[in-house]
Amino acid sequence: MDRIIDYLFSMMPDVNERVVFGNQMRLYDNLGKENRTPAAADSRRVLPAKMKFSSSLFCRRGSMCIRVNLIDYELREGEFISFMTDSIVDSFSMSDDCRLIAIFFANDGDPTLFDLDFVKFFLNRILAEPIKVSLSPYYAEKYEQTYRLLKELMQQEEFRYRKEALQGCLKVMAGLTAQCITTPPPGAQHRYEEIFHRFLKLVRQHYRTHRELTFYADQLCLTPKYLGKAIREYSGRYPSDLIKGYVILEAKALLRTGNYTVKEIADQLNFPNPSFFGKYFKEAVGCSPMKF
């Protein structure tokens, strides 16, 4: 968890502290800091990387860009986005004036921290797939105020009812964000967007064992032709390229850790042998896994 978080926030101006609640949550922000060009971080040493935690990002001012699971997202002032566990980040950048609030939820944390029906519903909703939400100035201000209270309470270890107070803050923040979620109007483009996100969700679940378009079309109760059309119309990319792209992204993330041999990665990704995996990787990346 530390490696990728430390990289992401080595790029955030003047951040020199993190606030933690056991192994449940970590908070980062650079609110109130003066504009300063962040130190350059060498993403080639870290990214792509798989996040073993869930996260939410709120851009209070400025802008930031992040590429997750093959999709580029840009956050501007007042915009919020969340990502589920096992998402793969392969690029991240921030404007010099970006002021960001980031909350990370550990997967192995105490589930009772979120033992509130509304918070659990909200987290399940926004973490099921990335949703970018634009908060109005009023709700953005209240979100920041509640975050500051959350951060302060997390540091009050002697506070007997700290956990209950944190639950209350999370519920308020969830409500403020949920209030601003809008439902797109019905239409072909909305239908294609829905198919696109459902398709990518299936790819994340099955890319290790299924790389054929017919499998995903069957899972979505669509014909391969219609699925291909929907994906191309919405994203401008072919489904087969997205499937391969996710396999390669995972392979890069595993290689980047330095914890696995090429054979072990080939086995994890369900290739018949390292040679086949090496050819597949080189065709996509331009170099062998050993040279990556």
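Keep in mind that what you see is a predicted model, and the values were worked out from it rather than measured. (Residues numbered from 1 in each chain as written. Predicted model: local features only at pLDDT ≥ 70, side-chain atom pairs only at ≥ 80, totals over all residues. Heavy atoms only, no water.)

Asker: Teacher, can you tell me more about the overall build of the protein chain here?
Answerer: A count of helical and extended segments in the protein chain gives 10 helices and 10 strands. A buried classification covers 47% of the 292 residues belonging to the protein chain. Within the protein chain, residue pairs in contact and separated by at least 24 positions form 71% of the contacts whose partners lie at least 6 positions apart. About 14,700 Å² of surface is accessible on the protein chain, with carbon and sulfur atoms providing 49% of the total. (Helix = DSSP H or I, 4+ residues; strand = E, 2+ residues; numbered from the N terminus. Buried < 20%, exposed > 50% of the residue type's maximum accessible area, 1.4 Å probe, protein only. Contact = heavy atoms within 4.5 Å. Areas by Shrake-Rupley, 256 points an atom, 1.4 Å probe, with all protein chains shown as cover.)

Asker: How should the sheet that holds strand S8 (residues 88–94) be read in this particular structure?
Answerer: Each strand in a sheet pairs with its neighbour through backbone hydrogen bonds, running either in the same direction (parallel) or in the opposite one (antiparallel). Overall, antiparallel pairing links the 4 strands, which are arranged S3-S8-S5-S6 in an open sheet. Edge strands, defined here as strands with exactly one partner in the open sheet, are strand S3 (49–50) and strand S6 (71–76). Here strand S5 (residues 63–68) runs beside S6; their pairing, made up of 6 bridges, is antiparallel. The residue bridging Val68 from the neighbouring strand is Ile71, located in S6. Along the sheet, helix H8 (residues 239–257) contacts S3 and S8; its crossing angle with S8, the most-contacted strand, is approximately 80°. (Pairing = 2+ DSSP bridges. Axes fitted to C-alpha atoms, helices over the stretch in contact; angles between N-to-C directions.)

Asker: Sorry if this is basic, but what is going on with helix H4 (residues 162–179) here?
Answerer: Each α-helix turn comprises 3.6 residues. Residues three or four places apart therefore point the same way. Here H4 contains 18 residues, and its C-alpha end-to-end distance of 26 Å stays within 8% of the 26 Å for a straight helix at 1.5 Å per residue. All of the buried residues along H4 are Arg162, Ala165, Leu166, Gln167, Cys169, Leu170, Met173, Ala174, Leu176 and Thr177. (Expected span 1.5 Å × (residues − 1).)

Asker: I keep staring at the pairing of strand S2 (residues 25–29) and nothing clicks. Help me out?
Answerer: Consecutive side chains of a regular strand alternate in pointing toward one face of the sheet and then the other. Most of S2 sits out of view: 5 of its 5 residues are buried. In S2, alternate side chains face the same way, and those of Met25, Leu27 and Asp29 on one face and Arg26 and Tyr28 on the other are all buried. Where strand S1 (residues 19–21) lies against S2, 3 bridges are found, and the strand directions are antiparallel. Opposite Val20, over in S2, you have Arg26 as the bridge partner. As paired strands, S2 and strand S9 (residues 99–106) are joined by 5 bridges and run antiparallel to one another. Across the sheet, the residue bridging to Tyr28 is Ala102, located in S9.

Asker: Where do I start with the pattern of salt bridges in this structure?
Answerer: Side-chain pairing between opposite charges can occur once the charged atoms of the two side chains come close. Enumeration according to the criterion identifies 12 salt bridges in this entry. Shared partners join several salt bridges into a network, and the residues in it are Lys50, Arg208 and Glu250. (Salt bridge = Lys/Arg side-chain N within 4 Å of Asp/Glu carboxyl O.)

Asker: Would you mind going over helix H3 (residues 137–154) with me for this structure?
Answerer: Between its terminal C-alpha atoms H3 stretches 26 Å, which fits the 26 Å expected from 18 residues at 1.5 Å a residue. Here H3 has its buried residues at Ala140, Tyr143, Glu144, Thr146, Tyr147, Leu150, Lys151, Leu153 and Met154. Contacts from the buried residues of H3 go to S1, S2, strand S4 (53–61), strand S7 (79–83), S9 and H4.

Asker: Mind showing me how you'd approach the environment of Tyr73 here?
Answerer: Assignment of secondary structure puts Tyr73 in strand S6. Tyr73 gets classed as buried once you look at its relative accessible area, which sits at 12%. Each C-alpha atom of the pair Tyr73 and Lys132 lies 8.5 Å from the other, and the pair is 59 residues apart in sequence.

Asker: Help me out: how do you make sense of the pairing of S5 in this one?
Answerer: Burial within S5 is extensive, with 5 of its 6 residues counted as buried. Counting the residues in the hairpin turn of S5 and S6 gives 2 residues, including Asn69, whose phi is positive at 50°. As defined by bridge partners, S5 adjoins S8 across 5 bridges and the pair is classed as antiparallel. The residue of S8 that forms the bridge with Val68 is Val89.

Asker: Explanation requested: the environment of Ser235 in the structure shown.
Answerer: Along the chain, Ser235 turns up in helix H7 (residues 224–235). Once the C-alpha coordinates of Ser235 and Glu193 are considered, the two residues, 42 residues apart in sequence, prove to be 8.5 Å apart. Residue contacts for Ser235: discarding those within four places in its chain leaves Phe196 and Leu242. For Ser235, the side chain forms a polar contact with the main-chain nitrogen of Arg237, separated by 3.2 Å. (Polar contact = N/O pair within 3.5 Å; in protein donor to acceptor, adjacent residues only side chain to side chain.)

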